[in-house]
Structure formats: structure tokens, C-alpha cells
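Listed below, chain by chain, are the residues.
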Amino acid sequence: MAEREAIRPGRVFVDDRGRTAQLHGIGLQRVGERWLAWGEDKTAGDRFTAVACYSSPDLAHWTFEGDALVAGDGDIGPDRIVERPKALQRPDGTWVMLLHIDTGDYSFARVGYAVADRPEGPYTYVGSERPLGNISRDIGVFQEDGVGYLLSEDRDHGLHIYRLRDDYLAVESVVATLRQQANPAIGYESPTLVRHDGSYFLFGSDLTGWSMNDNMYTHAPSLSGPWAPWRPIAPVGTRTHESQVSVVAPVGDHYVYIGDRWTPDLLAESPAVWLPLRIEDGRVRLEWRDEWLIDELGA
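Here's a quick rundown of the structure. (Residues numbered from 1 in each chain as written. Predicted model: local features only at pLDDT ≥ 70, side-chain atom pairs only at ≥ 80, totals over all residues. Heavy atoms only, no water.)

Observations concerning the overall build of the chain
Our working rule: Secondary structure elements are defined from DSSP: runs of H or I of at least 4 residues count as helices, runs of E of at least 2 residues count as strands, and each element is numbered from the N terminus. Each radius of gyration is computed over the set of C-alpha atoms, and the globule rule expresses the reference value as 2.2 Å times the number of residues to the power 0.38. Throughout this description, buried means an accessible area under 20% of the type-specific maximum (1.4 Å probe, protein chains only), exposed means over 50%, and partly exposed covers the range between. For this analysis, residues touch if any pair of their heavy atoms sits within 4.5 Å. Positive charge is attributed to Lys and Arg, negative charge to Asp and Glu, and no charge count is given to His or to the chain ends. Charged side chains are reduced to one point each, which is NZ for Lys, CZ for Arg, CG for Asp and CD for Glu.
Helix and strand counts for the chain stand at 1 helix and 20 strands. Taken over C-alpha atoms, the radius of gyration comes to 18 Å for the chain, in line with the 19 Å a tight globule of 299 residues would show. Its C-alpha atoms put the chain at 50 × 45 × 40 Å along the principal axes. A buried classification covers 56% of the 299 residues belonging to the chain. Relative to all contacts within the chain whose residues are 6 or more apart in sequence, the contacts with residues 24 or more apart total 48%. Across the chain, the mean location of the 29 positive side-chain charges is 2 Å away from that of the 46 negative side-chain charges.

Right under this line is the structure:
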């Protein structure tokens, strides 16, 4: 295994080929002795070319495993927006990738599904839906006891937590719908969810486009609620250390916050903001670090 290397937030990751790792809008899973990550390949800008797959032993060194999903036609054509790749393994062993599928004007607003025999892919695209008729933009996923859940931002109704069908290829029901307490007309986007000490912690970003904002979190004893008032993830005014949450992932005894610092004119070079995140006494703590090691999380 490569020598331990510090993670330096606010920079891009470079892969084993010496190229910028396309880990934007990342999905992350621990698979065996390594982490696998799926990211939006932004080398052609905002239109779809591929979902790239990488592996890492320590969240600092990244090996390119190939393109997990490549542009085709229809939903995943080169004129489409394909974002937020998140992968889950079904109880039967099949891997399912969920995606935000959209047109350039963001009017399509659907969740897409693809399947593969291995986490690295290649994935075969199955199709898309508006879950239960609702629009779906930024997404996240969660899995517990073999049950899959989709987290989806619906601009018309709020942030939904959906239970997935047994095959993970469609939504079955709404578990909960959350809205902003300061602006009840909308919810939060770019959602991610973890369970800690018997409670569920849900994270999201305000609806400010490419601009950063003070991302928020809430918690509940059950996925159906009741959900506590939203609170800022990071010190107010830091705009979440100039980033937008993509994933909060369990690592060792704690968590890693994974965010994007979007550079609209050069999306492929948008820096990664990865920081240790701790949950203690029902509160989330995310503080800036110039550099840190995965060992600090007990991994």
C-alpha cells in the first residue's frame, strides 16, 4: 500500500495517471479493503461524457478503474446533464447506480437507474422516472438492512426520502418530506444521510446554483421523523468552507465530509473539500483543516 498522504482540502485529487480525478458529485462506498468512488467526468463541461470510477486505500491516493457508465443516447446522450452518481449493492449482489438525469434547461428532472455485476461497471442504463410523479434533481442514497432509499430534491414540494422497490430500480413510497424552516416553500438539495448512535442525520445544501452557502443538517430517531430544526453544518458565514456537500460517509469511528467547490468556468478542475466530520451529543462539528490523515478517524 502507498505511503500515507495527507488530504488537503481545497485542492484537486490527482489519480495514478497524473490526471485530475473526476470525483465531482461523488458517490462513495467501502468495498472490501478499499473505497470505490464514482464521479461526474466534467472534462467536457456540464454535458455528459461518462461516470468515472476510482479506487483508493486511504482516500488520498486514487486509481482510475475506468468509466463505469458512458454516454449513449436518450437519457444519457451527450446533450444531457447526468449528475450525482450513487451506487448501492442489492442483497442479490447486483450493483445499481442512481443518477440525476436532466436536459440543459433542467426541465426533465428525473432519477435514472443503471445496473452492473461489479461495482466498477460497466453499468447498463435501464431508464428513468419522476418518482411518484415528482420532479427529481440532486439525489443521495441510503441503505439499511437490505432496504434502499433515495433522497431527492423536489423544487415543488421539498426534500423527499423515498423507499426504493426491492430491485432498487424504482421508488415504492415516500417515507418523509422535509422543508426549510426559514423558507417552507422549498427543501434542500444535494442530500446525504447517515445513521449515528440510533439517530439519523440528514445533510443538504440551499438552492443557490453554483454559488456556495451555509449547508444544513437535521436529525431524527426514525426516517419518518420527527425531524429536528435544521442547523448549519459549519460555522455560519463560511459557506460550508466554500463547498457544497455531496456525501457524508462513515470512515473508521467518525465520518468524512465530502464537498465540491464548483468552478463553473472550469468544472473539471473544481477542487474537492474533504474534511473530518464528528457527530457528538446530537451535534455535527465540521471545522477547517489545512491537511489531515485518514488515521485520525480511526480507519
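Now that the structure has been shown, the text picks up again.
Brief notes about the sheet that holds strand S6 (residues 95–102)
Let me state the cut-off plainly: Pairing between two strands is assigned when DSSP locates at least 2 bridges connecting them. Fitting a line to C-alpha atoms yields each axis, with helices limited to the stretch in contact; the angle taken between N-to-C directions then spans 0 to 180 degrees.
Spatially, S5-S6-S7-S8 is the arrangement adopted by the 4 strands of the open sheet, whose pairing is antiparallel. On the outer flanks of this sheet lie strand S5 (81–89) and strand S8 (124–129), each paired with one strand and no other. For this sheet, the mean angle separating the axes of adjacent strands, direction not counted, is 25 degrees.

Here we look at the packing of aromatic side chains
Put simply, the rule reads: Any pair of Phe, Tyr and Trp rings, taking the six-membered ring for Trp, is counted once the centres come within 6.5 Å. Such a pair is stacked with planes under 30 degrees apart, edge-to-face with planes over 60 apart, and tilted for the rest.
Under the definition given, this model contains 11 aromatic pairs. Centre to centre, the rings of Trp38 and Trp95 are 6.1 Å apart; their planes meet at 40 degrees, and the pair counts as tilted. One end of the pair, Trp38, is in strand S2 (residues 34–40); the other, Trp95, is in strand S6, with 57 residues separating them in the sequence. Grouping residues by exposure puts Trp38 and Trp95 together as buried. Both rings, one in Phe203 and one in Tyr217, keep their centres 6.2 Å apart while their planes meet at 35 degrees; by these two values the pair is tilted. Residue Phe203 is found in strand S14 (residues 199–205), and its partner Tyr217 is found in strand S15 (residues 216–220); the two are separated by 14 residues along the sequence. Here Phe203 and Tyr217 have matching classes, each one buried. Connected via pairs of aromatic rings, a cluster forms that spans Phe13, Trp62 and Trp274.

With respect to the nonpolar core
For clarity, the threshold we go by: Residue types Ala, Val, Leu, Ile, Met, Phe, Trp, Tyr and Cys, when buried and joined through side-chain atoms within 4.5 Å, form a set referred to as a nonpolar core.
In this structure, Leu59, Trp62, Phe203, Val256, Trp274 and Leu277 are the most contacted members of the largest nonpolar core, which totals 39 residues. Elements with a minimum of two residues in this core: strand S1 (24–31), S2, strand S3 (50–56), S14, strand S17 (244–251), strand S18 (254–260), strand S19 (272–280) and strand S20 (283–286). Val256 has contacts with Leu59, Val247, Val248, Ala249, Val251, Trp274, Leu275, Leu277, Trp292 and Leu297, leaving out every residue within four places of it along the chain. Residues Phe48, Val51, Cys53 and Tyr123 belong to the second largest nonpolar core, which totals 18 residues.

Section: unusual backbone geometry
In this chain, Gly121 is followed by Pro122 through a cis amide linkage whose omega measures 10 degrees. The topology assignment puts Pro122 in the loop between strand S7 (110–116) and S8. Unusually for a residue other than glycine, Leu132 sits at a positive phi of about 55 degrees. With phi around 55 degrees, Asp145 is a residue other than glycine that occupies positive phi space. Tracing the backbone through its elements, the reader meets Asp145 in the loop between strand S9 (139–144) and strand S10 (147–154). Note on Asp145: relative accessible area 74%, which makes it exposed.

Considerations on the sheet that holds strand S11 (residues 158–164)
Strand order in the open sheet formed by 4 strands is S9-S10-S11-S12, and the pairing between neighbours is antiparallel. Of all strands in the sheet, those bounded by a partner on one side alone are S9 and strand S12 (171–178). Sheet twist, expressed as the average angle between the axes of neighbouring strands with direction ignored, equals 25 degrees.

Some remarks on the pattern of salt bridges
Heads up, the condition is: Basic side-chain nitrogens of Lys or Arg form a salt bridge, by our definition, when they fall within 4 Å of a carboxyl oxygen of Asp or Glu.
According to the stated counting rule, one finds 19 salt bridges in the structure shown. With its nearest N and O atoms 3.7 Å apart, the salt bridge here joins Arg163 to Glu172. Overlapping salt bridges bring together Arg34, Glu65, Arg118 and Glu120 as one network.

Topic: the side chain of Thr103
Threshold: Any pair of N or O atoms that falls within 3.5 Å is considered a polar contact. Within protein, one atom must be able to donate a hydrogen and the other to accept it, and sequence-neighbouring residues count only if both atoms are side-chain atoms.
You can see Thr103 is positioned in the loop between S6 and S7. Within the structure, the side chain of Thr103 is placed 3.3 Å from the side chain of Ser107, a separation counted as a polar contact. Not counting chain neighbours up to four residues away, the residues in contact with Thr103 comprise Arg80, Ile81 and Phe108.

Focus on the pairing of S3
Across the 7 residues that make up S3, a large majority, 7, are buried. Every second residue of S3 is oriented toward a common face, with Ala50, Ala52, Tyr54 and Ser56 on one face and Val51, Cys53 and Ser55 on the other, all of them buried. Direction of pairing for S2 relative to S3: antiparallel, over a ladder of 6 bridges. Note on S3: the bridge partner recorded for Trp35 is Ser56. Inspection of the sheet shows S3 paired to strand S4 (residues 63–70) by 6 bridges, in the antiparallel sense. Pairing of Ala52 across the sheet is with Asp67, part of S4. Between S3 and S4, which pair antiparallel in sequence order, lie 6 residues; one of them, Leu59, sits at a positive phi of approximately 65 degrees.

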